[in-house]
Amino acid sequence: MQRFLDPAVLNAISGLDLVAKTVVDGFVAGLHRSPDFGFSQEFAEYRAYTPGDDLRHVDWNVFARTERAYLKRYRGETNSLLTVLLDASNSMKYTSHAVTKMDYARFTAASLFYLAIKSQRDAAGLIVFDDEVRNYIRPSMRQGQLHRLLAGLELAEPHARTDFGKPLHHFQEFLRRRGLVVILSDFYEDPQTIIRTIEPLRFHGNEVVLFHVLDPKEIDPKMNEAVVLVDLETSTHMEVTPDYLNKDYRQKIDAHIQALRDGAKGAGMDYHLLMTNKPLDGVLSEYLTIRQGRD
Amino acid sequence: MGLLAPWFLAGALAVGVPLYLHLLRRHTSTPQQFSSLMFVEPRTQSSIRHRRLRYLALLTLRLLVLLLLVLAFANPYIKRATVSASGERLLVIAVDNSLSMRAGSRLDDAKREALSLLASRNPAQRAQVLAFGSQVQVMTQPVIDPAGLRNAVESIQPGDSRGSFGALAGAMRSIAQTVQTPIELHVFSDMQRTNMPPSFSEMAMPANVSLVLHPASKGAAANWTVESVNAPAQVWDPKKARVEAVVAGFDTAAATRTVSLVVNGKTLATKQANVPANGRASVEFDSLDVPYGFSRCAVKIDSADAMPADDQYMFSVRRSDPQRVLFVHESNDSRSPLYFGAALGSSAQSAFVMETVPGSQVQGTDPTKYAFVVISDSSLSEGAQNVLMRYVRAGGNLLIAAGTTMARLSTVPILGNAISGSHYYSRDGAGFASVSDTDTSYAPVGKADQWGGVKFYYAVAIDPTGAHVIAHLNDQTPLVLEKQIGEGRVVVFASGFDNLTNDLPLHPMFVPFVQETAGDLSGLQQREGMALVDSYMQLRTAKEQAVSVDVTDPEGKHPLSIQQAAKAQSIQLTEAGFYEVRLANGRQDMVGVNADRRESDLTPMADDVMSLWTGKSPNGQSATSGASSADDSAPEKTPYSIAWYVLLALAAVALAESVLASRYLGTQREEP
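None of the values given here were measured: they were computed from a predicted structure.

Undergrad: Help me understand the overall build of chain B in this model?
TA: Regarding its fold elements, chain B presents 11 helices and 33 strands. Buried positions account for 37% of the 672 residues belonging to chain B. Restricting the contact set of chain B to residue pairs at least 6 apart, pairs at least 24 apart contribute 74%.

Written out as structure tokens, the structure reads:
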């Protein structure tokens, strides 16, 4: 099933719902064979019915025997809140192979939504931003939430440039409930600015995870001759030498990643580097690990 | 510096092509999108400068390729002095060692004069020694060593070949091409007129060769010689053998000379020849009584002149018994053996003795004792046919004349081909048949027109299947057929030898036909008993490979190495005398080799011809005004083409251009 998680294979599947289902089902099937991961469908507790509870969760067998209404609760039903912040700036259009960074981020977000809503029964929401907030879908467990989220992902086309500072106060407004905040971005910004912008989310009691989406060629450009590069966000033309790309650029991007990782760790946030040519199972594992830690 | 083909310079206009490609068609590269230039620093200046420099280098190389190509076609040359910086001249000493130099002390005089020239030369001057006859022999390479040069001159031996100034000029042309310095050629020779080639241009020397002649004799010298000999190489009957000789005198007064025929060192006969002044006389010896086997024969004269080397003419003779021929005929047929025997014995050198036997007695004879067998229209018993069939299969040869008697048979005996009938032709008017076509590759039959007067009145129609038809009658009846049976051959004449079925026996054509057919069927081969110096003798045929031969020269030496003896097709006869040869087919042979008698005419070339050759007027002045003489050390400038060097430079530049251009194209592939 691992092959279903290959980004290049997923790119050939039309429809984010099918992509998400393929990824998560494959991932879950893998989990069943793995002793390292637990799954939260086991029984947790019985709780006495109180008015307002959903009658669908009443254990009618117990009611028949005891004539008392109890709700049967599972570990997975310990509800949590997942909010995905998706960077939709122009730089996310970049790719050196079949899958753009934006596609990869969408696959990731869709898979997280599917896993959260279908398997974990969590509320999930979406914020699409570039230099301002372009779309917001409130976290909810309502019927049809998954389709709304997937539709929001489909509509999220790269546009403009990234600016973490400007939509910050919107984040503060939207994320008043504590939960898990996942940020999918290529983070072309000063690491200190990024951390400083996102840090307040952590102060509200959220678990914050930075998924740093990069194309392999951004890490290792490998040029033999001098070339003219065009910035996807600013359209700036710049001619560079292969010596610079092979040495100085590598050092700078590595330093940027390390600074981001250190900054996130220092702020109590998780940081993960996602390469667009790698499978998505790492992302889902990370989500479940954090999810279990919150229970 | 100049150009031999300056009009090719118009091709230089082609330099516009790379100029257009590099300057007018600017290079455009497709920019490459990148997610963010946040970590990229501009290095534009160095990159563009590097690329511009590279483009300029490429442009320069391409322009150079075109210009060098144009220059190579224009064939540039430089004027180069033929005299080296030190003014050195190569001294070449050429000594004539042809047969005529044996006259008197000519060769010794020439060598002495050459040695004195060597002694008087500048010790630092390089010199080379040559000896020339019909070919040029390099005695030394260009060296300074005086002892080596002196030994080379002293080691020149008199030869038997004919001198050739054309060969000397050819050798000098080769030397002049390899030696860039001027050459001073001193020729020590008797300057025989007969040594000149047919065309004077063949003995012209190259431009950088200054020729100095040292005639070894002044004026003509009287000389007697045996100019030619006509003698048989094979003798069967000594009484029938005759020897004719021509005695010649060059610049001689009328005299009577004694001419001797010498066989194996013994004088067999002596005759007097009255030779007119500066003329020739023939002498004939009526017999050549030589013993069996090979004999060394010679015709000698008492010349008492300065050159005894040409006073005898050598030839070899082999004596053997005549070969027997078995002639089978009908007992009532006396005409056929008469005509055939007369034709076979009509030659002065009859090699065959014919024995006749009736067809009924063939079974009791042994045909292997005969050179070949003739069946003249005779019926044969079955036993006789078996005897003859075994004889042919074992390698014997058979001549069958199929006349009226054989026409009654269904097949030709031995041959086995069917007889389909017979053709009668009218004796009246033009009703007779004649030969219409022949296979000229079969020598005994000859050409069809040689049979023009022969009338055929009767011919047997033989099915030619499996046989080679050599001659046809004009109604396409096969007349002469040949067929290989086993190891032997059968030749069939589809008419008779009896003067009844045709008039061939009365026709002059009959004698050569019979004799050559006999020679062909008996395997008798013509041999030559004499040859000229420098001629070639064939040692083997194309079929006789990998069989060793053996040659013994007049001095008793074996001139062929083991490897040459196994492979050589022929050998050049370089000395006068008797060569003994064992050929590849196993036969022994001997040949008397004589010098070319044109060497006997000691008349030197005229002074004006010598002056013309040396490029000087008879009074010693240069023949062409302004031309340099042998002693003139002023440098002569000759054009020297440098097109090859230009081509080499072109190849190097083209290589550099392809290396640089391939790197450029490699970038182009990566950018899209």
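Following the structure, the description resumes.
Undergrad: Can you help me understand the overall build of chain A in this one?
TA: Scanning chain A for helices and strands turns up 10 helices and 10 strands. Within chain A, the fraction of its 295 residues that count as buried is 41%. For chain A, the proportion of contacts with a sequence separation of at least 24, taken over those separated by at least 6, is 75%.

Undergrad: Explain the interface of chain A and chain B here, please?
TA: Often the size quoted for an interface is simply the accessible area lost on bringing the parts together. Taken together, the contact pairs 28 residues of chain A with 22 residues of chain B. Of all the elements in the fold, those that place two or more residues in the side of chain A that touches chain B are β8 (227–231), β9 (237–240) and α9 (242–266) of chain A. Of the residues forming the side of chain A that touches chain B, the biggest block, 6 residues, is contributed by α9(A). Tallied by class, residues from the side of chain A that touches chain B come to 13 nonpolar, 6 polar and 9 charged. When β8(A) meets strand β2 (residues 32–34) of chain B, the two strands line up parallel, connected through 3 bridges.

Undergrad: I tried to follow the sheet that holds strand β26 (residues 488–493) of chain B on my own but got confused; where do I start?
TA: Across a sheet, strands are paired by hydrogen bonds formed along the backbone, either parallel or antiparallel in direction. Residue and element names in this part refer to chain B. Judged by pairing direction, the sheet is mixed, and its 8 strands sit side by side in the order β18-β17-β19-β20-β26-β25-β24-β22 without closing on themselves. At either margin of the open sheet sits one strand with a lone partner, and together these are β18 (352–358) and β22 (435–438). On average, each strand axis in the sheet is inclined to that of its neighbour by 20°, with strand direction left out of account. With 7 bridges joining them, strand β17 (residues 323–329) and β18 adopt parallel strand pairing. The residue of β18 that forms the bridge with F327 is T356. Sheet strands touched by helix α8 (residues 510–522): β17, β18, β19 (372–376), β20 (397–401) and β26. Its angle to β20, the strand with the most contacts, is close to 145°.

Undergrad: I keep staring at the packing of helix α3 (residues 106–120) of chain B against helix α4 (residues 146–154) of chain B and nothing clicks. Help me out?
TA: How two helices sit against one another is set out by the angle between their axes and by the gap between those axes. Residue and element names in this part refer to chain B. Look at α3 against α4: their axes get within 9 Å of each other, and the N-to-C directions meet at 170°. As judged from the angle between their axes, α3 and α4 are roughly antiparallel. The segment α3 lies against α4, with K111, A114, L115 and L118 engaging P146, L149, R150, V153 and E154.

Undergrad: I keep staring at the pairing of β26(B) and nothing clicks. Help me out?
TA: Two faces make up the sheet, and in a regular strand the side chains alternate between them. Residue and element names in this part refer to chain B. With 5 of 6 residues buried, β26 is to be regarded as a mostly interior element. Pairing between β20 and β26: 5 bridges, direction parallel. Its bridge partner being in β26, L399 is matched across the sheet by V491. In this structure, strand β25 (residues 478–485) lies alongside β26, joined through 6 bridges in antiparallel fashion. In the sheet register, V480 faces β26, and the bridge partner there is F493. If you look at the hairpin formed by β25 and β26, you'll find 2 residues sitting between the two strands, and G486 has a positive phi there, around 60°.

Undergrad: Help me understand the packing of helix α6 (residues 335–345) of chain B against α8(B) in this model?
TA: Residues and elements named next belong to chain B. Packing of α6 against α8 leaves a shortest axis separation of 8 Å and a crossing angle of 75°. Taken together, the axis directions place α6 and α8 in an arrangement best described as roughly perpendicular. Residue-level contacts link F340, A343 and L344 of α6 to F510, V511, V514, Q515 and A518 of α8.

Undergrad: Before we go on, may I ask you to explain helix α7 (residues 191–203) of chain A in this structure?
TA: One turn of an α-helix holds 3.6 residues; hence residues three or four places apart share an orientation. All names here are of chain A. With 13 residues, α7 should cover 18 Å at 1.5 Å per step; its first-to-last C-alpha distance of 18 Å lies within 8% of that length. Remark: the principal bend of α7, roughly 30°, maps to T197, with a proline, P200, within the next four residues. Of all the positions in α7, only I194, I195, I198 and L201 are classed as buried. With its phi angle positive at about 95°, G205 sits one or two positions after the end of α7.

Undergrad: Help me understand the confidence of the model for chain B in this model?
TA: Segments scoring low in pLDDT should not have their predicted coordinates read at a detailed level. All names here are of chain B. Mean pLDDT over chain B works out to 84, with 90% of the residues at or above the 70 mark. Here residues 620–633 is modelled with pLDDT under 50, and outside its nearest four sequence neighbours on either side it reaches 19 contacts, counting other chains as well. In the model, residues 667–672 has pLDDT below 50 throughout and makes 7 contacts with residues more than four positions away in sequence or in other chains. The complex prediction reports pTM at 0.52, with the ipTM value standing at 0.75.

Undergrad: Teacher, can you tell me more about the sheet that holds strand β27 (residues 530–532) of chain B here?
TA: All names here are of chain B. In spatial order, the strands read β27-β32-β31-β29; together these 4 strands make up an open sheet with mixed pairing. Two strands in the sheet have a free side with no partner beyond their single neighbour: β27 and β29 (550–552). Taking the axes of each pair of neighbouring strands and ignoring which way they run, one obtains an average angle of 30° across the sheet. Pairing of strand β31 (residues 577–582) with strand β32 (residues 588–594), which is carried by 6 bridges, proceeds in the antiparallel orientation. Paired with E580 across the bridge in β32 is M590.

Undergrad: How should I be thinking about the nonpolar core in this particular structure?
TA: Residues and elements named next belong to chain B. Judged by nonpolar contacts, the single largest core of 86 residues is most densely connected at I93, A94, A245 and V247. In terms of residue count, helix α5 (residues 165–178) provides more of this core than any other element does, 7 residues in total. Discounting chain neighbours no more than four positions away, the residues touching V247 are V226, E227, R257, V259, A273, V275, R280, A281, V283 and I301. Formed by 63 residues, the second largest nonpolar core is a distinct cluster that contains V392, I400, V412 and L481.

Undergrad: I'm lost on the environment of A:G282 in this one. Help?
TA: Residues and elements named next belong to chain A. By secondary structure assignment, the location of G282 is in helix α10 (residues 281–294). What makes G282 partly exposed here is the crowd of 16 C-beta atoms within 10 Å. With 10 residues separating them along the chain, G282 and H272 place their C-alpha atoms 9.1 Å apart.

Undergrad: Explain the environment of B:I642 here, please?
TA: All names here are of chain B. Following the sequence through the fold, I642 ends up in the loop between β33 (637–641) and α11 (643–670). You can call I642 partly exposed: it has 18 C-beta atoms within 10 Å. Each C-alpha atom of the pair I642 and N75 lies 7.2 Å from the other, and the pair is 567 residues apart in sequence. Discounting chain neighbours no more than four positions away, the residues touching I642 are P76, Y77 and I78.

Undergrad: Is there a simple way to think about α8(B) in this case?
TA: All names here are of chain B. For α8, with 13 residues, the first-to-last C-alpha span of 18 Å sits near the 18 Å given by 1.5 Å per residue. Burial in α8 covers these residues: F510, F513, V514, Q515, T517, A518, D520 and L521. Contacts made by the buried residues of α8 are with β17, α6, β18, β19, β20 and β26. Phi turns positive, to about 80°, at G523, one or two residues after α8.

Scoring rules and cut-offs
- Residues numbered from 1 in each chain as written.
- Chains lettered and ligands numbered in written order.
- Predicted model: local features only at pLDDT ≥ 70, side-chain atom pairs only at ≥ 80, totals over all residues.
- Helix = DSSP H or I, 4+ residues; strand = E, 2+ residues; numbered from the N terminus.
- Buried ≥ 20, exposed ≤ 12 C-beta atoms within 10 Å, placed from the backbone.
- Contact = placed C-beta atoms within 7 Å.
- Nonpolar A, V, L, I, M, F, W, Y, C, P; charged D, E, K, R; others polar.
- Pairing = 2+ DSSP bridges.
- Axes fitted to C-alpha atoms, helices over the stretch in contact; angles between N-to-C directions.
- Parallel < 35°, antiparallel > 145°, perpendicular 65-115°, else oblique.
- Expected span 1.5 Å × (residues − 1).
- Bend = angle between axes of the 7 residues up to and from the residue.
- pLDDT = per-residue confidence, 0-100.
- Core = buried A, V, L, I, M, F, W, Y, C linked by C-beta atoms within 7 Å.

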